[in-house]
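For reference, the chains in residue letters:
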Amino acid sequence: EDSLQKTSAAFSINSGDIFESPYALNLSSFSKLIKRLQARHPEASRDRIVEALQQVRENNKGMLCGLSISTIEERTSAIL
């Protein structure tokens, strides 16, 4: 049962497959980050925010792990 929980924790989000691992950013953090970015950039669509997050990921050697949520938010905001 424990191994099943660990296995089910691995997921992928279809929005550009930005977060391929729960170690990069979990779903709860992703949702919170999207909400914070939408509040900060009301003119940006959700799709545009996801594209900017994808760009942050690409600029960081294809990964978001190792970056704090606030760093990801700042870098995404700079792109938006």
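About the cut-offs
Residues numbered from 1 in each chain as written. Predicted model: local features only at pLDDT ≥ 70, side-chain atom pairs only at ≥ 80, totals over all residues. Heavy atoms only, no water. Helix = DSSP H or I, 4+ residues; strand = E, 2+ residues; numbered from the N terminus. Polar contact = N/O pair within 3.5 Å; in protein donor to acceptor, adjacent residues only side chain to side chain. Contact = heavy atoms within 4.5 Å. Buried < 20%, exposed > 50% of the residue type's maximum accessible area, 1.4 Å probe, protein only. Salt bridge = Lys/Arg side-chain N within 4 Å of Asp/Glu carboxyl O.

Describe the side chain of Ser77, and please don't skip the residues or the numbers.
Along the chain, Ser77 turns up in helix H4 (residues 69-79). Looking at Ser77, its side chain comes within polar contact range of the side chain of His41, at 2.9 Å. In this view, Ser77 contacts Leu37, Arg40 and His41; residues no more than four positions away in its chain are not counted.

So, unusual backbone geometry: which residues are in play, and what are the values?
The phi torsion at Lys61 lies on the positive side, around 60 degrees, for a residue other than glycine. Overall, the relative accessible area of 78% leaves Lys61 in the exposed class.

Before we move on, can you summarise the pattern of salt bridges with the specific residues and values?
A full pass over the atoms with the stated rule returns 4 salt bridges. Glu73 is the salt-bridge partner of Arg36, the closest N and O atoms lying 2.5 Å from each other. Taken together, the residues Arg36 in helix H2 (residues 27-40) and Glu73 in helix H4 connect sequence positions 37 residues apart. Residue Arg36 is classed as partly exposed on the basis of its relative accessible area of 38%. A residue is classified by how much of its surface remains accessible, and Glu73, at 7% relative accessible area, is buried. With its nearest N and O atoms 3.1 Å apart, the salt bridge here joins Glu74 to Arg40. Taken together, the positions of Glu74 in helix H4 and Arg40 in helix H2 put the pair 34 residues apart, joining distant regions of the chain. Taking the relative accessible area as the measure of exposure, Arg40 reaches 38% and is therefore partly exposed. Residues participating in the shared-partner salt-bridge network are Arg36, Arg40, Glu73 and Glu74.

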